[in-house]
Structures are given as structure tokens and as C-alpha cells.
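So the chains spell out like this:
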Amino acid sequence: MQNKKWRVLIVDDEFRIGRLIKKLIHWDEFALECVDVVDNGGTAFEIIQSVRCPDVVITDIRMPKINGLELIAMTREIHKNMKFVVISGYKEFEYAHQALQYGVEDYLLKPVNEEELNRVLKKISDELTAQWRSEREHQILKETISESRHIIKRDFLKNIIETEEPEEVDDRVEFQGEIYRGMDIKLDYVDYNKKDKKQDKLTITRIEEIVERILKVDTEEVLLCEKENLHIYCLFNYDFSKKKNIKNSINDILIEIKDYLMGFEQYEVSIGIGMERKEFAEIRFSIKEAHRAVGNRIKQGVGRVIYAETIHPGTGEEEYLTEEEKDWIRGSIESYSVDKLDQCINLMYSNYIIQDDQDCSVCYDMAEELVNYFFSQVQEQEENERERKETLSNCQHCYTISALKKVLKNNLGKFVEESKEAAEAESVKPIRQAQKYMEEHYNEKIVLEDLAEIVGLNPVYFSVLFKKETGINVSAYLLNVRMEKAKEFLCNTNETIEAIGDRVGYKDSRYFSQTFAKQVGVKPALYRKLHS
């Protein structure tokens, strides 16, 4: 623990002496810092009452208006524990006696002895530091005990949620009630593109305060913990006699949370309630039931309490994608077909839109399996992993089936389109490379086989690919490049026709002129004349 610096105010009606005292003090050695040096008690008292209030005051006795003893008496009324060191040129016992009655730390005579002054200040600094450390340690201990209790309860609930096998009861968490029950409070973003992590944290803290305050009236124990995607889990324990009160309390929790969230207009809230359990080993089942219940908001709607006993039992399936659907997904990726992917998603969710007697929480499980399978079929990249996690998170904030389908179609469809664009860009990359080479080496001898070797493709395949992308063959493209360069030289230089022909790859000037005339429509000399 680092030492605190103690602030010192020096008061002497002879300002020169006050400055001298400041020079004598070993400031850094005793963790001291100077607030000010003033020459009267009035100014000193103003500083004592301000935000610059010192911890230690070194003051002279004899001063005009407010003397040192009066300054001490006035200060004691507002700061009983402020430390005073009195310095005086008067040796009369009455001053020393009077000062000591006010509880000053020491009484020093002028001229001030450096060693004696620093001895007194060291003693004061050590006392202040010891007191400060003791108070800090006591406060930290209180905070640690409180935080430890909170962590124990939170981690205990997290362990129940995340562990399949029940653990033994932690004897630091009391369970006196007869009934255990789980609750899952789910916040969904109205627009998941406008996430605000700071606001999320504040909102979750406020909701936990609401839940704990309302439930503690009729429960024996309330445990709370936050999980990803704005799930707030709660485990509470109560007696049979409180069953009716608990149901009312749950409704009150929903009402108060909705009232609080009205100020933001960025969240929807739903609450899932697990079944009552009498055995500790069954706690985890009630928590899972609460999670399954709140998942049914996707069909029943948000802003309500959903009880697990009202939900149609699930099938217990571990896999939701059929082999046919997996084939569709692979096919959409391989053929870059967004339409095929959309059809697959529509097919997967069709029954849940039509039928009501189903556990619709599986819609989220289906989305998770679909997203994970989709990304397992594409090349592993860090960016793809971020996209996968972002898509899964967005799915968890959808509270209608249509919104969930839209997220899947948009995110996965966008990935398919981007993959198609990347593949197309990759296929034209050798063509761009060949074009660049011809534009830089047009004056050299260039043949198809040489270009194919440069870009690393078979000459026949390269020729077909080049014509497909540019609409003309390699020789025609090279001819165009050379003629454009010739035009440029004819207009911008005074070089001879023969020299220009040579510059663009034609050693025979006559052949150059014939080729130019055939390609452009006029001979080089006339072209120059027309464009000069």
C-alpha cells in the first residue's frame, strides 16, 4: 500500500521566517507537501476551511488579528484531529502551557532548529500514515467481506448453470427454504446494431437490484448472476406458505423492470420461470426450465412472464439439422447461391411458424447449429470466427422467428456474396497481372506462352480466361496497348515515326505504319498533323 502525502500549512507573520521554515523541512523524506506559506491567521483559517485544507499546521503564536492560539481554537471546532506545531520566539511558560491545552503536537522556540523540527514532523507523519493505513485496511476488509459474499453466491449459481452433475451445497451459501426455483430474465436489443456495453452494465446492475429488493421480502436466499447475451439468472429459495406471494413478486419484478426500461427504448424484457423443486439436486433442472421458458418468447412475444409448466415438452433432440439440410448448406456455399441458403432457412423454420403446440426455444438451438455448421464448411480464418460469434450473438437477441430468419439470411447470405466476390477477384487476378505486364513491357517481344508462365497458368486455360474477362484475345490486347502508346508519343514528342515504332515494339517502321493505319484509320504522320 503506497503512503499518502500529508499537506502542511506554514503560518508566520514574518514571511521571511515562514519561507525559511519551509526550506528546513525534509518534505520528500516524510511524505509531506506544502500547501502554502502565509503571514496571518485570517488567511490561514480561510485555507483550512477550503478544499486546500492541510493535515498539519505550523504556526507562530504572536500574529495580528487572529493569533496562533486563536487559530488553533477556531480550527478545533471544525477539525478536531488536525495536527498543530506551535513556533514562538517567546519563552514564557504561559504560551507553551496554553498551546498544550489545545492538544498541539509540539512547541518549538525560535530560532527553529532543523533537526528538532524534522523530528517532530517525522513523528506526526508516521502517526498520520499509521492511522490512514489502519482506516484503509479496515475499509478494504469490509469491502472484501461484502464482495466475497457476492462472488461466492454468483459463482455458486454459475456452477449450477454450467455443470451437468449437481455439486454439493457450499456451506457458505444458506438454503433454509423448502422450495427451489430458477428464473431467467432476458433482455433483447430492439436494434442489435446499436449495442452499448456501458449501458448494458448499468442496466443489468439496476435489474439485479430490483430483483433482490423485491424477492428478499418472501425468500430465504436469492442468488443472481449475469451470463452472455444479457441473460440474468436468478435462483431463489422459499417456504410453501409464500407461494402466492412469490408469484405476485415475479409480476412486480416484470412491471418495475419494464418501467425502468421505458427510459431507454433500446431493450425488450421477458422472464422465464422454472418449475418448483424440492430437492437441491434438482436446482439445475429449474434453471434450465427457466431458460427454455424464456426462449419461447420468440413465439409468445416479449414483455411477459413465461412459466415452464405452460410449455409443450421438447423432443430432446441433440441435432436439429437433417442430412438433406446440410447438403443444401454445403451446396449454397459451393455454388455461391444466396437463394438456395434462403430456401434452406425457410424450410427449417416453417413448422414453428405454422404450429403452436411446440417448444419454440429450439429455434435458437437450430440457429446455433446452422451457424456453426455453415462456418465449419468454409476456410478457417480469424475474421470468419468473429463473424460466426457476432451472428450467434445477434440471433440470441431476436424475439420473433421472422427476425431470427432475417439475421441468418442477412449475415450468412452476406458471407456467401462476399465469398463469391473474393473468388471472382481471385480468378481475375492473373488477368490483371498479365495486363499490367503488357502495359509495362509493350516494347518487348511478348507471346502467350510467356504471359501464361508469368501468371502460373496453363497457356490454353489462360487464353480462354483472358478472353472471358476482357472480351478480346492476348494479341489484340497487346496491339491496343502499343497503338495507344504510339498515339501518345506522336502527340507529345518530336521523335521520328521510325523511333516511335521502335519504342512501341516494332523494329520495321514500314510495318509499324501499316499496322497503325489499319488500327487507327490514318497513317502516323497524318495522325500527328491532325492532333498537333
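Residues numbered from 1 in each chain as written. Predicted model: local features only at pLDDT ≥ 70, side-chain atom pairs only at ≥ 80, totals over all residues. Heavy atoms only, no water.

Colleague: Explain the packing of aromatic side chains to me, using residue names and the numbers behind them.
Modeller: Between two aromatic rings, the relevant description is the distance of the centres plus the angle of the planes. Going through the model one piece at a time under the given rule, you end up with 11 aromatic pairs. Summarising the aromatic geometry, the rings of Phe-516 and Tyr-527 are spaced 5.6 Å apart at their centres and angled 75 degrees between planes, so their arrangement reads as edge-to-face. Here Phe-516 is found in helix H19 (residues 509-520), whereas its partner Tyr-527 is found in helix H20 (residues 524-531), with 11 residues between them in sequence. For Phe-516, a relative accessible area of 0% corresponds to the buried category. (Phe/Tyr/Trp six-rings, centres within 6.5 Å; stacked < 30°, edge-to-face > 60°. Helix = DSSP H or I, 4+ residues; strand = E, 2+ residues; numbered from the N terminus. Buried < 20%, exposed > 50% of the residue type's maximum accessible area, 1.4 Å probe, protein only.)

Colleague: Let's hear about unusual backbone geometry: which residues, and what values?
Modeller: The residue after Lys-110, namely Pro-111, is reached through a cis peptide bond having omega -5 degrees. Mapped onto the secondary structure, Pro-111 falls in the loop between strand S5 (106-109) and helix H5 (114-162). With a phi angle near 65 degrees, Asn-229 is a residue other than glycine that sits in the positive phi range. Among the secondary structure elements, Asn-229 is positioned in the loop between strand S7 (221-227) and strand S8 (231-238). Not every positive phi belongs to a glycine, and Tyr-336 is a case in point at roughly 55 degrees. Tracing the backbone through its elements, the reader meets Tyr-336 in the loop between helix H10 (323-334) and helix H11 (338-354). Overall, Tyr-336 belongs to the partly exposed group, its relative accessible area being 33%.

Colleague: So what about the sheet that holds strand S6 (residues 179-189)? Which residues, and what values?
Modeller: An order of S7-S8-S6-S9-S10 is seen for the five strands of this open sheet, with the pairing classed as mixed. Only two strands of the sheet have a single partner each, and these edge strands are S7 and strand S10 (305-307). Here the average twist between neighbouring strands, direction ignored, is 20 degrees. On top of the sheet, helix H6 (residues 197-215) reaches S6, S7, S8 and strand S9 (267-273); it is set at about 165 degrees to S7, its chief contact. On the sheet, helix H7 (residues 243-261) packs against S6, S8, S9 and S10 and is oriented at approximately 170 degrees with respect to S9. (Pairing = 2+ DSSP bridges. Axes fitted to C-alpha atoms, helices over the stretch in contact; angles between N-to-C directions. Contact = heavy atoms within 4.5 Å.)

Colleague: Give a detailed account of the environment of Gly-456, specifying residues and quantitative values.
Modeller: Within the secondary structure layout, Gly-456 lies in the loop between helix H15 (448-455) and helix H16 (459-470). Looking at Gly-456, the relative accessible area reads 59%, which means it is exposed. Sequence separation between Gly-456 and Pro-430 is 26 residues, and the spatial gap between their C-alpha atoms is 8.0 Å.

Colleague: Describe the pairing of strand S3 (residues 56-60), and please don't skip the residues or the numbers.
Modeller: Moving residue by residue along a regular strand, the side chains alternate between the two faces of the sheet. In terms of residue burial, S3 counts as a mostly covered element, since five of its five residues are buried. Residues of S3 alternate between two faces, with Val-56, Ile-58 and Asp-60 on one and Val-57 and Thr-59 on the opposite face, all of them buried. Pairing between strand S1 (residues 6-11) and S3: four bridges, direction parallel. Looking across to S3, one finds that Leu-9 is bridged to Val-57. The sheet contact formed by S3 and strand S4 (residues 83-88) spans five bridges and is parallel. Counterpart to Val-57 in the pairing with S4 is Phe-84. Since S3 and S4 lie parallel, the crossover through helix H3 (residues 68-76) that links them has a hand, and here it is right-handed. (Right-handed = clockwise from strand over helix to strand, strands pointing away.)

Colleague: Could you give me a rundown of the nonpolar core, with the residues and numbers involved?
Modeller: Among the nonpolar cores identified, the biggest contains 65 residues, and Met-183 and Tyr-349 are the most heavily contacted of them. When residues in this core are grouped by element, the largest group, 10 residues, is from helix H12 (residues 362-376). Ignoring any residue separated from it by four or fewer positions in sequence, one finds Tyr-349 in contact with Cys-363, Met-366, Ala-367, Ile-401, Leu-404, Lys-405 and Leu-408. Residues Tyr-442, Val-474, Tyr-506 and Phe-512 belong to the second largest nonpolar core, which totals 25 residues. (Core = buried A, V, L, I, M, F, W, Y, C linked by side-chain atoms within 4.5 Å.)

Colleague: Requested: an account of H19, with residues and values cited.
Modeller: Over its 12 residues, H19 runs 16 Å from end to end, which matches the ideal 16 Å to within 8%, given 1.5 Å per residue. If you check which residues of H19 are buried, you get Phe-512, Thr-515 and Phe-516. Each buried residue of H19 lies within a common arc of 100 degrees when the element is viewed along its axis, so the set occupies one face. H19 presents Arg-510 and Lys-518 as exposed residues on the side facing more than 90 degrees away from its buried surface. For H19, the capping residue at the N-terminal end is Asp-508, with a side-chain oxygen 3.0 Å from the backbone nitrogen of Arg-510. (Expected span 1.5 Å × (residues − 1). Arc of directions from axis to C-beta. Polar contact = N/O pair within 3.5 Å; in protein donor to acceptor, adjacent residues only side chain to side chain.)

Functional significance is not addressed by these values, which are geometric in nature.
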